[in-house]
Amino acid sequence: MAVRPPSLRSLAAFEAAARHGSFARAAAEMNLTPGAISHAIRSLETRLGGELFERIGRGVALTPLGGAFAARVRVGLSLIADAVEPTPASATDRLVVSALPSIAAKLLTPGLAAFQSAFPGVRLEIRSDSTLEGFERGDVDVAIRFGPGSWAGLKSRILSGDQFVPVASPAYLEQHPVIATADLASAQIIHDSESSWRLWQEVHGPLAALPRTLQIDDAALLVDAAVGGHGVALAREVVARRDLAAGRLRELFDRRMPTAYVYACVWSGNTRKEKLVLRFVEWLEDLFRPPAA
């Protein structure tokens, strides 16, 4: 007698709970109650003869049995999704790229014409995101991240380092000259928690307390605000590169500071698109390479 498989809803509930580490968040994603998620998990545990989750504080974590089961479930759900989607993520002429919002806006989008020339017939899908959850779901081929340079369980290749650069627009500087670092004390300062003026001061010497005129938590928006004449920003050079080259921004003081992190490409070793991913990584290396002086 054939064994009836678990329902797709119970498997999807388990996968969502495993991904979120929370029954409540899984319930919200699936428009179910936490009780329904718990019931689905218990039915699977009964069939498998062991616990899939353990309680960790206010959330849950996979047990060894749960971890092994999750890996198999994700493969199965990915295959089902490919079967019903008109353009499955596994199609070898489609490249799904997850990129930091700043890199998507300042490098990938301006480089679309070059991509289309280098990859004729390949359909590019850019997802502006800063997490790596897409690999767990199997619907992202490669990601561009800003971090330590290696990610557990994933392949990676470093694309570029970066530097913090003080910048402002010509229009702003015409009205508010910033010639020496002391002038920053009376300037309109654009702050970003990741591009910390405090760190820059540790390298180039302390300044007077900088006014908190504007706070922005995105590297591309920070650059755009400086281009718009809203003050002086400590920008990442890679993100500001095109605006500096076009004269929309000017670098102040010629005092840069290397960032602790690097840009890197990250991808799964289990991808069926390894050749396409590696070609894309090589293309990105050229895209990130600074222009010749």
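None of the values given here were measured: they were computed from a predicted structure.

**Q** Honestly, the overall build of the chain in this entry has me stumped. Any pointers?
**A** Scanning the chain for helices and strands turns up twelve helices and 13 strands. Within the chain, the proportion of its 293 residues that are buried is 45%. For the chain, contacts bridging at least 24 residues in sequence account for 71% of all contacts bridging at least 6. Looking at the chain as shown, the accessible area adds up to about 15,400 Å², and 54% of this sits on carbon and sulfur atoms.

**Q** Which parts of the structure should I look at to understand the side chain of D141?
**A** Looking at where D141 falls in the secondary structure, it is placed in the loop between α7 (133-137) and β5 (142-147). Within the local environment of D141, its side chain forms a polar contact with the backbone nitrogen of V96, the two atoms lying 2.7 Å apart.

**Q** Would you mind showing me how to read helix α1 (residues 8-20) here?
**A** Three- or four-residue spacings in an α-helix give side chains the same orientation, since the helix completes a turn every 3.6 residues. Along its 13 residues, α1 runs 18 Å from first to last C-alpha, staying within 8% of the 18 Å computed at 1.5 Å per residue. With ten of its 13 residues buried, α1 lies for the most part within the structure. Where α1 is concerned, the buried positions are S10, L11, A13, F14, E15, A16, A17, A18, R19 and H20. Phi turns positive, to about 65 degrees, at G21, one or two residues after α1.

**Q** Just checking my understanding: could you explain the packing of helix α5 (residues 101-108) against helix α12 (residues 274-288) for this structure?
**A** The axes of two packed helices give the description: the angle between them and the distance between them. Axis separation between α5 and α12 bottoms out at 12 Å; the angle between their running directions is 75 degrees. One element, α5, and the other, α12, form an angle in the roughly perpendicular class. In this structure, α5 contributes I103, L107 and L108 to the contact, and α12 contributes W283, L284, L287 and F288. Classifying every residue of the contact of α5 with α12 by side-chain character gives seven nonpolar, no polar and no charged.

**Q** I tried to follow the sheet that holds β5 on my own but got confused; where do I start?
**A** As a general point, the strands of a sheet are linked pairwise by backbone hydrogen bonds and lie either parallel or antiparallel. Sheet architecture is open: five strands sit in the order β4-β3-β5-β13-β6, paired in mixed fashion. The outermost strands of the open sheet, each flanked by one partner alone, are β4 (123-128) and β6 (155-160). The average angle at which neighbouring strand axes cross in this sheet is 25 degrees, direction not considered. Pairing analysis gives five bridges linking β6 to strand β13 (residues 262-267), with the strands arranged antiparallel. Paired with S160 across the bridge in β13 is Y263. Of the strands in this sheet, β3 (94-99), β4, β5 and β13 touch α5, which is tilted by about 120 degrees from β3.

Here is what the cut-offs are and how they apply
Residues numbered from 1 in each chain as written. Predicted model: local features only at pLDDT ≥ 70, side-chain atom pairs only at ≥ 80, totals over all residues. Heavy atoms only, no water. Helix = DSSP H or I, 4+ residues; strand = E, 2+ residues; numbered from the N terminus. Buried < 20%, exposed > 50% of the residue type's maximum accessible area, 1.4 Å probe, protein only. Contact = heavy atoms within 4.5 Å. Areas by Shrake-Rupley, 256 points an atom, 1.4 Å probe, with all protein chains shown as cover. Polar contact = N/O pair within 3.5 Å; in protein donor to acceptor, adjacent residues only side chain to side chain. Expected span 1.5 Å × (residues − 1). Axes fitted to C-alpha atoms, helices over the stretch in contact; angles between N-to-C directions. Parallel < 35°, antiparallel > 145°, perpendicular 65-115°, else oblique. Nonpolar A, V, L, I, M, F, W, Y, C, P; charged D, E, K, R; others polar. Pairing = 2+ DSSP bridges.

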